[in-house]
Structures are given as structure tokens and as C-alpha cells.
Amino acid sequence: MTEVEAPPRFSWALAPAFGVSVSAFLLFGIQHEPSGYAVLAVSVILGFVVDRDLGKSLLLIGFGIGVIGTISLAADISYGHMVLMGSILLIAVVVPYVVDRFVFKRHIVRFPINTGRRWTTGEYVWLVSVVGLAWLIMPFYFITSGTYLNWPTVHEPSELIRLFIAVNAVGLWDELFFICTAFALLRHHFLMWQANILQAIIFVSFLWELGYQAWGPFLTTTFALVQGYIFNRTRSLPYVVSVHLTFDCVLWAVLVHARTPDWLPIFIFY
């Protein structure tokens, strides 16, 4: 992940970057497309005015946000919607990568897999701890808030499989776009904590439309910030994906159990 040396603590560059993040809130959070696309366009243009290199980064992030805004993010596991959503999410990741590497020739967007770095004991401990945290937090959130109703009821084997694939595929994509793309591009221009907050706004807004509503943003904001911190520290895509998919496997079990309590009765009842 490329970053500038000693970026200023505060600069005018933060304004258009914040505008791009706000556009995600408008598009996915309150789902008001006219204001969302207007703020996104103005913010990208201002990015080029402030700094050409910043404008390129915001253009790539903005492209991903903009193309995602063209579809519904409702938790629909019908074959047609899964193909449509999967195609759009793939475009949102592939195009910024290709343009950044082969058109802008910067290669800021990377998907570091073979880093040659071994996971530390602390990282293994955190990964195991994630299982316990997810087991305690996820059923409490989804069941007491009723947000599990944002996901479909599944009974047939094919539905269970499709839900499992959809939940984990979106989790993988989250790390590819929000962390490896948006966070990496923002980190190139800003301090770590600034880039992390900016990507978290986009991340949480997306998850809101996906179904993490009620008081879900309190959880998803923490999760997004932690994932950004972990990636900044480890530079390891496999590790942040492992953490995310661990949560998502528990999420799948919670959704199945919440809809059909007799299935997977492995959680504390609230």
C-alpha cells in the first residue's frame, strides 16, 4: 500500500475526500440518488482542482461508489439478482485496479496475498477471539433489533447454500473494495486515521443498505475501523479476509437460526 511521506495533519484535500465519503452515505444510507451523485461529481472535480493525483484517486473510488449505486443492495438471493449484483461488484473492483495500474501507472491499488510475512501469535489469537465475539454479539444484534428480517427466509438446501455464498462473497468483496481499494487510495494522501475514517463512512453506508440497520452502524463502524487498522499494520489481504469471513460464517448461522429457531440452536437466547 503506497502512501506519501509525512502527509499534513490537515489540508484542503480532506474536503473533496470527505465529500466522496458523504456521497456514499447519501446513495446507500438515505438512498437519495440525485444528491448522492451530485455530491460525488462535485467532490471528484474539486479533488482534481486541489491536486491532480488526489483527483485520480477520488475518481477511482467514486467510480466504484457510482456503479454500485445503480443497483439495489437488498439481501436478495434469487439467481438473477446474485448474478447482477456480483457483476456490478466485480466491475467496481476490477476497473479501479486496471485504471490505477495501467492507465495512471501508479499501482496503489493492490491485493497483497503472497506477502511472505508469517502471521504473529497475536494475530492468531485475534482470529480465534473473533469467533467468540461474533457468537456473543451477532445474535444479540440481529435478533433483538429485528434486522434479521432484512434477509430472506431460507429452508431449501439450495437457498441455504446461496445465502452462505452470498454472505461470504460480499464479505470478500468488502475487503477488496473498501480496504484494498478505497482505504489504500486514501492512505496514499492522508494520515492513517483520516483515511480510515473516510473509508469507514463508505463501508458503513454500504452495509446499511445491505441490511445492517437499527443500531447496526455502531457495530459496523467499529468493524470497518478495525479492519482498516489491521490491514495498515499487516498489509495482508488473506488475514483481513479471514477475520471478515469468520464473522460472516457466524452471521450466516445467526440468520438461519433467527428465521428458524429450531435450526442451529447454538446461540444464547435473548
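Here the structure is shown first, and the text comes after it.
Below you will find a few notes about this structure.

About the cut-offs
Residues numbered from 1 in each chain as written. Predicted model: local features only at pLDDT ≥ 70, side-chain atom pairs only at ≥ 80, totals over all residues. Heavy atoms only, no water. Helix = DSSP H or I, 4+ residues; strand = E, 2+ residues; numbered from the N terminus. Rg over C-alpha atoms; globule rule 2.2 N^0.38 Å. Contact = heavy atoms within 4.5 Å. Areas by Shrake-Rupley, 256 points an atom, 1.4 Å probe, with all protein chains shown as cover. Lys, Arg positive; Asp, Glu negative; His and termini not counted. Charge placed at Lys NZ, Arg CZ, Asp CG, Glu CD. Axes fitted to C-alpha atoms, helices over the stretch in contact; angles between N-to-C directions. Parallel < 35°, antiparallel > 145°, perpendicular 65-115°, else oblique. Left-handed = near helix turned anticlockwise from the far one by under 90°. Nonpolar A, V, L, I, M, F, W, Y, C, P; charged D, E, K, R; others polar. Buried < 20%, exposed > 50% of the residue type's maximum accessible area, 1.4 Å probe, protein only. Core = buried A, V, L, I, M, F, W, Y, C linked by side-chain atoms within 4.5 Å. Phe/Tyr/Trp six-rings, centres within 6.5 Å; stacked < 30°, edge-to-face > 60°. Expected span 1.5 Å × (residues − 1). Arc of directions from axis to C-beta. Patch = residues over 30% accessible without salt bridge, like charges linked within 9 Å, V, L, I, M, F, W, Y side chains within 5 Å. Salt bridge = Lys/Arg side-chain N within 4 Å of Asp/Glu carboxyl O. Disulfide = S-S within 2.5 Å.

### What about the overall build of the chain?
On a plain count of helices and strands, the chain comes out with nine helices and zero strands. Order of helices (α) and strands (β) in the chain, N terminus to C terminus: α-α-α-α-α-α-α-α-α. Over its C-alpha trace the chain gives a radius of gyration of 19 Å, about what one expects of a compact globule, namely 18 Å for 270 residues. In terms of principal-axis extent, the alpha carbons of the chain reach across some 60 × 45 × 30 Å. The contacts in the chain between residues at least 6 apart in sequence include a share of 76% that link residues at least 24 apart. By element, 70% of the accessible surface of the chain is carried by carbon and sulfur atoms, the whole surface being about 12400 Å². Mean positive and mean negative side-chain charge positions of the chain (14 and 15 charges, respectively) differ by 12 Å.

### Considering the packing of helix α3 (residues 52-68) against helix α4 (residues 79-103)
Running from amino to carboxyl end, α3 crosses α4 at an angle of 165 degrees, the nearest separation of the two axes being 9 Å. On the basis of the axis angle, α3 is roughly antiparallel to α4. Judged by the twist between their axes, the crossing of α3 over α4 is right-handed. Residues L60, F63, G64, V67 and I68 of α3 lie in contact with α4, whose contacting residues are I88, L89, I91, A92, V95, P96, V99 and D100. Residue classes in the contact of α3 with α4 are distributed as eleven nonpolar, one polar and one charged.

### Considering the environment of L198
Mapped onto the fold, L198 is located in helix α7 (residues 192-210). The class for L198 is buried, based on a relative accessible area of 5%. Distance from L198 to R187, taken between C-alpha atoms, is 9.8 Å for residues eleven residues apart in sequence. If we ignore the near neighbours within four places in the chain, the residues touching L198 are L14, A17, F18, S21, L186 and F190.

### Things to note about the nonpolar core
Membership of the largest hydrophobic core comes to 82 residues, with the highest contact counts inside it found for I65, I68, F142, L163, W173 and F206. Among residues more than four places away in sequence, those in contact with L163 are I77, W151, V154, W252, L255 and V256.

### Some points on the packing of aromatic side chains
Considering all chains together, one arrives at 19 aromatic pairs under this definition. An angle of 80 degrees between the planes, with centres 4.9 Å apart, marks the rings of W119 and Y239 as edge-to-face. Linking W119 in the loop between α4 and α5 (121-145) with Y239 in helix α9 (residues 237-259), this pair joins segments that are 120 residues apart in sequence. Classification of W119 as partly exposed rests on a relative accessible area of 25%. Here the aromatic rings of F177 and F178 are separated by 5.4 Å at their centres, their planes lie at 75 degrees, and the arrangement is edge-to-face.

### Comments concerning helix α2 (residues 33-50)
Over its 18 residues, α2 runs 25 Å from end to end, which matches the ideal 26 Å to within 8%, given 1.5 Å per residue. Within the span of α2, buried status applies to G36, L40, S43, V44 and G47. Projected onto a plane normal to the axis of α2, the buried residues spread over an arc of 100 degrees and lie on a single side. Exposed positions of α2 whose direction lies more than 90 degrees from the buried face are P34, I45 and V49. The secondary structure elements touched by the buried residues of α2 are α1 (14-29) and α3.

### Considering a nonpolar patch on the surface
A grouping of W126, L133, W135, L136, I137, W263, L264, I266 and I268 is seen on the molecular surface, where their side chains present a nonpolar patch of about 720 Å² in accessible area. Within the secondary structure layout, L136 lies in helix α5.

### Examining the state of the cysteines
One pass over the structure, following the stated rule, counts zero disulfides. C180 takes part in no disulfide bond, and the closest cysteine sulfur to it belongs to C249, at a distance of 19 Å. Taking relative accessible area as the criterion, C180 reaches 0% and is therefore assigned buried. For C249, a relative accessible area of 34% puts it in the partly exposed group.

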